[in-house]
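# Remarks on the overall topology
Letter by letter, the chains look like this.
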Amino acid sequence: MPKKSAKPTRPQVRATETSLSVATDPKGRVADRVTAMAEASMTICEDDQSFRAVINVLRDPKEPFEVRNAALQALGAAAFRVIEFAPCRSDYIATLRALAEDRDPTLRRRALGTLAREKDGYAQKKLIEGLKNPDVALVSPEKALQFLSYDPHAEAYAIAREFVKKPPNDEAKAEALRLLAADPKSAPLFEKVLRDKDELRDNRQLAASALYSLNPGKFQKHARAMLLDKSEFEDIQATSLTALAQFGDQEAVGKDEPLLKGIQKLGAKTRSAKYKKNARQFLARHGR
Amino acid sequence: MKVELQINNSVSALARFVTWAPSPCRIRVTDPSGTTATAVTVQLSSVSTANAGAVTFRQGTTGAFANTLSLAVPVNGTSVPFFVAGKFGQPSTANGDVKIEARVKFAPSTPPTLVGSTTLMVRIRKSTESLTTAERDRFVNAFGKLNNQGQGRFQDFRDMHASSAALAQAHGAAGFLPWHRAYLLDLERELQAIDPSVALPYWRFDQAAPKLFRLDFFGVSDQNGRVQFSNTNPLQFWKTDGFLGINRSPFFSTSQAPPGLFNENQTFTLGGPNNLYRLFRRMEGNPHGSAHVLFGGFIHDPPTAPKDPLFFLLHCNVDRLWAKWQLQNSRFDQSVAAAYDSNPPNGNQIGHNLLDTMWPWNGVTTPPRPPTAPGGTLAASDCTSAPGPQPRVQDCLDYHGAINPLARMGFDYDDVRFA
Amino acid sequence: MRNRSEAEFARLVDSLAADPHRRGELADLLREDHSWYEQRGTATIVRMRGWVLIALARTGVTDGTLLFILEELDNGVDAYLIAAAATALRAYPSPKAAFGPFLVNALQQIRYRDEPISFEAYGAYAMSGENTTAVRELVKTVAWLGPHARSVLPDLEALRSQSAGLSKELATALDQTLKAIKNNEVNEYGPAACCDLPSNLANKMSWLRNYRRSSRPIESAIFEDQDGTRFSFKEFFRGHPSIVVFFYTRCDNPLKCSLTVTKLGRIQKLIEQHGLDDRVNTAAITYDPDFDLPKRLRAYGRDRNVRMDARNRMLRATAGIDALARHFKLGINFIESLVNRHRIEAYVLDDEGRVAASFARLRWNEQEVIDRAVDLLRERDEEASSIDGSKHRAKGAPKKLALLGSIASVAVAFFPKCPICWAAYLSMFGIAGFNQIPYSPWLQPIFALVMAINLLSVWLRGWSTKRIIAPLIATTGALIILASRTVSGWEKLAVCGVLLTLAGSLLSAVTWRPRKSLAFFAKKSLMTG
């Protein structure tokens, strides 16, 4: 049963003009301005003046971070009103590009994130420059790789391979692998990562998914081998089992007696209730 | 004697799903042995297991619902109509956890004899926080299959919400809410084609949702914004546009209520003192848009938002808010000006007027509509014919048949009763 | 090539633009397959191509470069390139009504995806709203069209009538443009004036049979379809005309690959409606064979209502795309194995797998493509008929022989029985000296032999064309002639015999081709109607 609605904990919604004037008042309390900015997102683009007022707050490095961030959020929310936002969009994009080199790292990251999702050439150029030369990097390498992965046409494969070979940290390697999951040439890399028991589990899980996408036949072969490998980690076996259950060639699997027996053993051996259930459901599908 | 019960006027098992809205049903005698009378009195009642759904009955199109119903049914096979509705507050948790039994008392001294029964489900959209483990697992399994590692039907839903031309069909004008209602329904029906017991849950974004952001459900974001899933969660294989996984960086603590959003009551006041849709639809900015930007990652921006399956739970809540506002203010009737924003005197952009068919289901690909129409017509349902394969905007207002019973679309929310 | 920098490219463009004798080379730099674009990301290519378009805006646009500009307006989705194209179009010698639909189309595509644009320097990105935008440039170009935009007046008015989504500035600019259009007339009349582009645009090309490149270089190329079935180019594409489009599933321009494959589905429906589905093949070939594996091909086609069966397939080349790219001269380039830029392209192949028609750069019309395929069917059938005709000429008597045979029949029927008749006949002809030819009874069997040969040829022709009416008539005639010579009292029937022989011979000599062509034309006019 759904809980009864709690009494409102905030004031009723103010008129937009009031919200906007509170949000853009440089003398107002930060918390009040942040709340007001969220309210203003309803109608920011209904007139040019309102929009300009919010953009000016966002662009002003002297404004408190919380207020600038709230302005960025408000604009992001307003952007969903695609038709009404259309007259504001080019200024919004220009502002995000300017923000990409802001002194505040959070604002930089968030601006670049939106630009990257829009496949903005400026953002891609800056991100690649930062990966090649850390001195000019605007975000961490793992974030840069993640942002570049939004566009497979972003000429990031070569850099990603470098980061797999020589990662500055685990997150960067994981993001590099994820970016390469769309690169057909990287299928052998994923085979290697998948079977490497010294590799991080998350990366192996990612490799399973990537290999299935790039070369389903190879994945099925490895999944089978891992399920029958008594020395393999349970969680990796569970991933393989889930993949086979969801996407595998069920007819082939149903005829694979050693595989089914292996799964029976896995189900019996594991202490995890979840893995037991997983194995049970899989076997039930094949009449065991 | 045997009787046949038809739920939603069908014998198909795929039609045995009801909501809070009355579903048309029929009963007829298929084997009259045991009586010489021309008609028998059949008593209908429902039986539920613990934590299961419950249904109520009504004979005609008006009047109160009751826990039982007596009907005079001719033995010659003529069917007799009646209505079944889920009992508000008691949705099912599994398919077939409610049973309707039909009994006949052949003689005053004998107890009623069971002459027929059917199981059914009170299938309701619930909060993510109130799903059972089994419901949750069925839902993520179905969603994983719909995605099918980027090669399933889900790609059509992604493509419907990608290009700017597509986005303009559904955002920033009056049709925002009806379009998304149809969009969610289309997706839900595709999920139900995989597992009919599934209903789309909603993410109540103005409250804490600790169960949702877990490894076994919609995942936990790591410090770089990659969503992690448990090894048994099919969503670990999620793929869109050739890209593996989900990027989602929460800007708040997912164990608490997010800040910056209008809560429900605030949202309901957006319609102003006269509760006008024209004003209410500003909720597209806040709380809808504000909910989107609670995270970095896919869901933050319009062209990438549906790449994150959380999008559909977010929008399910948006739709629930609209449904609740409609109920509170009797805004189901398209002929009532306050129920919609027709933007007189110029009207709205194409696709946003009451009589407009909605892209992509209308298959129209000539400008100003987008050049392709992914996904084809809106998925059909065995439970109802509404809103039709090519719905108009107006078809999405009376979603549970408050004005016209035939407009019932086959979904309801756990906390929005039938009008 | 990858080692050359963008700065070098910009300098090259600038130098070509500055040199009046080398400006023509700018068009070459807009070819997708140019080596400058190899191994570059899409955003880089946008900057490079945009700079070329801006150079054209400064130097002037010719018919040779016009197509690239219209292409960007027709199916581009990048604001920078659309802005550059709109700017460049204003450097065409004069406005044309035909540009109107392109500008309106681009406006509809970009109005909700507008971006700030800077043309100040190569690769510059605008960081403020003070710069121009794609929409601003498009509206400026519509204003430049002025009264030539009359054909798109309804579209512009529709755009203006929706005030939501329009900035005040844009609304004002549109108002001014609409006023200018309505207040002025131009001397361009009729639908042809509206839609006529320069005839040498080269977006649609056709090749006559003798001028088509052989498909031999790729005949043994192996494809795999959406079901994993493998076969050679020759096995699928020889024997029937084919309609071929190129695409890849990771294309993020909805106006290119997604629309192309969707249109292929529509083409298939049209083909089926006209009863040609067992005569024309269709194929969609991926540019990205390493990634677009069979399951992915199938899903992509299914999602776009493409029929997939023995005659209609989604294909990938198992040995890579290079040979196909060379053969079809595909407008494409790559970064590693991923496409970084491509043009729209569709081809119609003849029954030998040779390219007979191409549709490139601009969005093509389904009916036009089918019309070309129908032309190829007709061409094939005409070719088959003329081969039959030459076979007849080889096997049986030529038309001359038919005529000779008819004369022979006459001669047999009326051969004089005596020298006096002989003299009388020759005198009748009045030809000087003929009456000096002595009576030659040995001519009669020769005439009879010629008549028999003619009869044989008529029968052979009738057998090969399966039309026996003519031989029957001729034979009847011949029999009557023989009877008139042998049966007493039947002499007068000789005339009938001659006439029948003549009729049969002439009927056999007339070809059937015109009637068959008429059927084709009738069918084609029904399709286009």
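Parameters and conventions
Residues numbered from 1 in each chain as written. Chains lettered and ligands numbered in written order. Predicted model: local features only at pLDDT ≥ 70, side-chain atom pairs only at ≥ 80, totals over all residues. Helix = DSSP H or I, 4+ residues; strand = E, 2+ residues; numbered from the N terminus. Buried ≥ 20, exposed ≤ 12 C-beta atoms within 10 Å, placed from the backbone. Contact = placed C-beta atoms within 7 Å. Pairing = 2+ DSSP bridges. Axes fitted to C-alpha atoms, helices over the stretch in contact; angles between N-to-C directions. Domains from an automatic or database assignment. Nonpolar A, V, L, I, M, F, W, Y, C, P; charged D, E, K, R; others polar. Expected span 1.5 Å × (residues − 1).

Another aspect to go through is the overall build of chain B. Looking only at helices and strands, chain B features eight helices and 15 strands. Taken along the three principal axes of its C-alpha coordinates, chain B extends 75 × 55 × 40 Å. Per-residue burial for chain B yields a buried fraction of 60% across its 419 residues. Partitioning the contacts of chain B with sequence separation of at least 6, the portion at a separation of at least 24 is 70%.

Residues and elements named next belong to chain B. Pairing is antiparallel in the open sheet, where four strands are placed in the order S1-S3-S7-S5. Two strands bound the open sheet, and with one partner strand each, they are strand S1 (2–7) and strand S5 (55–58). Averaged over all pairs of adjacent strands, the angle between their axes in this sheet comes to 35°, without regard to strand direction. Here S5 pairs with strand S7 (residues 80–86) via four bridges, running antiparallel. Bridge pairing in S7 places Arg 58 opposite Phe 83.

By secondary structure assignment, the location of Asp 202 of chain A is in helix H12 (residues 201–214). Remark: the alpha-carbon pair of Asp 202 of chain A and Gln 250 of chain A, spanning 48 residues in sequence, is separated by 26 Å. Ignoring sequence-local partners within four residues, the contact set of Asp 202 of chain A consists of Ala 174 of chain A together with Gln 228 of chain B.

A few words now on the domain arrangement of chain C. Residues and elements named next belong to chain C. Partitioning chain C into domains gives domain 1 (6–195), domain 2 (204–390) and domain 3 (396–513). One C-alpha centre belongs to domain 1, the other to domain 2, and the line joining them spans 31 Å. In this complex, domain 1 contributes 16 residues to the contact, which on the side of domain 2 involves 15 residues. Those elements giving two or more residues to the side of domain 1 that touches domain 2 turn out to be helix H3 (42–59) and helix H4 (63–75). For the side of domain 1 that touches domain 2, the element with the highest residue contribution is H4, accounting for five residues.

Let us now look at the sheet that holds strand S6 (residues 68–74) of chain B. Residue and element names in this part refer to chain B. Across the sheet, which stays open at both edges, the five strands sit in the order S2-S9-S8-S4-S6 with mixed pairing between neighbours. Looking at strand neighbours, the two that pair on one side only are strand S2 (17–18) and S6, the edges of this open sheet. Bridge count between strand S8 (residues 98–104) and strand S9 (residues 113–122): seven bridges; the pairing is antiparallel. Along S9, the bridge assignment pairs Glu 101 with Ser 117.

Moving on, we get to the interface of chain A and chain B. Taken together, the contact between chain A and chain B spans 56 residues of the former and 55 residues of the latter. Among the residues making up the side of chain A that touches chain B, the classes are represented as 24 nonpolar, 17 polar and 15 charged.

Now for the environment of Arg 109 of chain A. Residue and element names in this part refer to chain A. Tracing the backbone through its elements, the reader meets Arg 109 in helix H6 (residues 105–117). Take Arg 109: there are 21 C-beta atoms within 10 Å of it, and that puts it in the buried class. Placed 35 residues apart in sequence, Arg 109 and Ala 144 show a C-alpha to C-alpha distance of 9.1 Å. Non-local contacts of Arg 109, meaning those with residues more than four positions away in its chain, are made with Val 139 and Lys 143.

This part covers the interface of chain C and chain A. Contacts between the two partners involve 31 residues from chain C, matched on the other side by 24 residues from chain A. Broken down by secondary-structure element, the contributors of at least two residues to the side of chain C that touches chain A are H3 and strand S10 (338–342) of chain C. Here the side of chain C that touches chain A is built from residues that sort into 12 nonpolar, 10 polar and nine charged.

With that settled, the discussion passes to the domain arrangement of chain B. Residue and element names in this part refer to chain B. Domain assignment breaks chain B into domain 1 (2–122) and domain 2 (128–407). The centre of domain 1, based on its C-alpha atoms, is set 34 Å off from the matching centre of domain 2. On the side of domain 2, 11 residues touch domain 1, which itself brings 15 residues to the contact. Across the side of domain 1 that touches domain 2, the residue classes tally to eight nonpolar, seven polar and no charged.

So, about H6 of chain A. Between its terminal C-alpha atoms H6 of chain A stretches 18 Å, which fits the 18 Å expected from 13 residues at 1.5 Å a residue. Counted residue by residue, H6 of chain A has 10 buried out of 13 residues, so it is predominantly covered. Listed in full, the buried residues belonging to H6 of chain A are Leu 107, Arg 109, Arg 110, Ala 111, Leu 112, Gly 113, Thr 114, Leu 115, Ala 116 and Arg 117 of chain A. Residues of H6 of chain A that are buried in the fold lie against helix H4 (65–78), helix H5 (82–99), helix H7 (121–132) and helix H8 (141–148) of chain A together with strand S15 (295–297) of chain B. Just downstream of H6 of chain A, Lys 119 of chain A is the residue with a positive phi angle, here 60°.

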